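Here are the chains, one letter per residue:
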Amino acid sequence: MINKTDLHGIIHKYYLNNRVETTKWVIKDDTLTINFEDVSRSFIGDLTYHNIDIQDMELGLGNATRFLKLLAILNGELFIDFVKTQGIVEKLIIDDSQFNIKYALYDPESIPPVAKLGGYPDMDLEMKLETDDIDALLRANTALSECNEFGIEPSKNLDDEDIVNFMFGENSAHSNKITYSVRADIKNNFGKQFRFDTSLFKDILNANKKSEESTLRFSTTGLLHYNFKGENYEVNYYTNPKA
């Protein structure tokens, strides 16, 4: 049994507004693990969800868009069962107090493996994002939604404390700009701006804005790492600056 809100949240953390449709779910010892990437391989990620009341198995979930539409009619606690053929789970059966839905699954072995992170570099900065920070960053992104990039760069505030400036707007002298600053632990003051995709940034923050703990880490070798934690889950996203 699983609550609809929890199941919905699991999917949206990798779905990211239609970026990832197909995933392999691995359930072992009451822990769900999902590795994922988008079709263009602009990011990879992994999600771990603990205390899930489902027996050990592997599931191949495809067409997340359709699955979310089916879930939308359900409410409350969901009872889950499976149809197996020759040891492969072929169908997911979900019941609430009113509806029964049947969702056809993929063979997990037919789902291509997700690319792996080629080593985890030393990080040059780390910052914690509070709920107010996430809300402010999303509002800044919306205000300049016509721009498809944002930048991050290290700086100091008036108290000489390390901060990171999030800079929204085109990277030119005469464009409209919004800057939002977050206190950070800067281990290496790299002294330049790195640019990232605003659309992916927005989708990741929207999917995780209710997390209990949100952390961003960046390495000048070319890796931005998002980490979000909740009561029963942890999710990571890894992406690179724009060329």
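Anything mentioned here points back to the structure above.
The rules behind each value
- Residues numbered from 1 in each chain as written.
- Predicted model: local features only at pLDDT ≥ 70, side-chain atom pairs only at ≥ 80, totals over all residues.
- Heavy atoms only, no water.
- Pairing = 2+ DSSP bridges.
- Helix = DSSP H or I, 4+ residues; strand = E, 2+ residues; numbered from the N terminus.
- Axes fitted to C-alpha atoms, helices over the stretch in contact; angles between N-to-C directions.
- Contact = heavy atoms within 4.5 Å.
- Parallel < 35°, antiparallel > 145°, perpendicular 65-115°, else oblique.
- Left-handed = near helix turned anticlockwise from the far one by under 90°.
- Buried < 20%, exposed > 50% of the residue type's maximum accessible area, 1.4 Å probe, protein only.
- Polar contact = N/O pair within 3.5 Å; in protein donor to acceptor, adjacent residues only side chain to side chain.
- Phe/Tyr/Trp six-rings, centres within 6.5 Å; stacked < 30°, edge-to-face > 60°.
- Lys NZ or Arg CZ within 6 Å of the ring centre and 35° of its normal.

1. Regarding the pairing of strand β6 (residues 77-85)
Next up, step 1: Here strand β1 (residues 2-3) runs beside β6; their pairing, made up of 2 bridges, is antiparallel. Across the sheet, the residue bridging to Ile2 is Leu78, located in β6.
Next up, step 2: Of the pairings in the sheet, the one linking β6 to strand β7 (residues 88-95) comprises 7 bridges and is antiparallel in character. When the bridges of β7 are listed, Phe79 appears paired with Asp95.
Next up, step 3: Between β6 and β7, which pair antiparallel and follow one another directly, the connecting turn spans 2 residues, one of which, Gln86, has a positive phi of 50°.

2. Describing the sheet that holds strand β14 (residues 194-197)
Next up, step 1: Here 4 strands make up an open sheet; going across it, the order is β12-β11-β10-β14 and the pairing antiparallel. This sheet does not close on itself; its edge strands, each paired only once, are β12 (178-183) and β14. The mean inter-strand angle of the sheet, taken between neighbouring strand axes irrespective of direction, is 30°.
Next up, step 2: One ladder, built from 7 bridges, connects strand β10 (residues 149-156) with strand β11 (residues 162-168); its direction is antiparallel. Bridge assignment links Glu153 to a residue of β11, and that residue is Asn165.
Next up, step 3: Helix-sheet contacts for helix α3 (residues 131-143) involve β11 and β12, and the interaxial angle to β12 is about 165°.
Next up, step 4: Seen against the sheet, helix α4 (residues 198-208) touches β10, β11 and β14 and runs at an angle of roughly 65° to β14.

3. What about unusual backbone geometry?
Negative phi is the rule for most residues except glycine; trans is the rule for most peptide bonds.
Next up, step 1: The backbone of Asn17 shows a phi angle near 60°, a positive value even though the residue is not glycine.
Next up, step 2: Assignment of secondary structure puts Asn17 in the loop between α1 (4-15) and β2 (23-28).
Next up, step 3: A positive phi is found at Arg41, a non-glycine position, where the angle reads about 55°.
Next up, step 4: With respect to the helices and strands, the residue Arg41 is situated in the loop between β3 (31-37) and β4 (43-50).

4. Here we look at the packing of α1 against helix α2 (residues 64-71)
Next up, step 1: Where α1 contacts α2, the axes come no closer than 11 Å and their chain directions differ by 160°. As judged from the angle between their axes, α1 and α2 are roughly antiparallel. The handedness of the crossing between α1 and α2 is left-handed. Contacts between α1 and α2 involve Lys4, Leu7, His8, Ile11, His12 and Tyr15 from the first element and Ala64, Thr65, Phe67, Leu68 and Leu71 from the second.

5. Structural notes on α4
Next up, step 1: Most of α4 is tucked away, with 8 of its 11 residues classed as buried.
Next up, step 2: Inspection of α4 places Thr198, Leu200, Phe201, Asp203, Ile204, Leu205, Ala207 and Asn208 among the buried residues, and these make up the whole buried set.
Next up, step 3: You can read the cap of α4 off the contacts: a side-chain oxygen lies 3.2 Å from the backbone nitrogen of Ser199, and it is on Asp197.

6. Regarding the sheet that holds β1
Next up, step 1: The 4 strands lie next to each other as β1-β6-β7-β8, forming an open sheet whose pairing is antiparallel. Edge positions in the open sheet fall to β1 and β8 (100-104), since each of these has one partner strand only.

7. Some remarks on the packing of aromatic side chains
Next up, step 1: Summed over the entire model, instances satisfying the criterion amount to 19 aromatic pairs.
Next up, step 2: Here Phe36 and Phe43 contribute two aromatic rings whose centre-to-centre distance is 6.3 Å and whose plane-to-plane angle is 65°, an arrangement assigned as edge-to-face.
Next up, step 3: We classify Phe36 as buried; its relative accessible area is 1%.
Next up, step 4: For Phe43, a relative accessible area of 1% corresponds to the buried category.
Next up, step 5: Between the aromatic rings of Phe196 and Phe218, the centroid separation amounts to 5.7 Å while the plane-to-plane angle is 85°, which identifies the pairing as edge-to-face. Taken together, the positions of Phe196 in strand β14 and Phe218 in strand β15 (residues 213-219) put the pair 22 residues apart, joining distant regions of the chain. Taken as a pair, Phe196 and Phe218 share a single burial class, namely buried.
Next up, step 6: One Lys or Arg, Lys13, reaches over the ring of Tyr233 and ends 4.7 Å from the middle of that ring.
Next up, step 7: The lysine or arginine in question, Lys192, covers the ring of Phe194, its NZ or CZ lying 4.8 Å from the ring centre.

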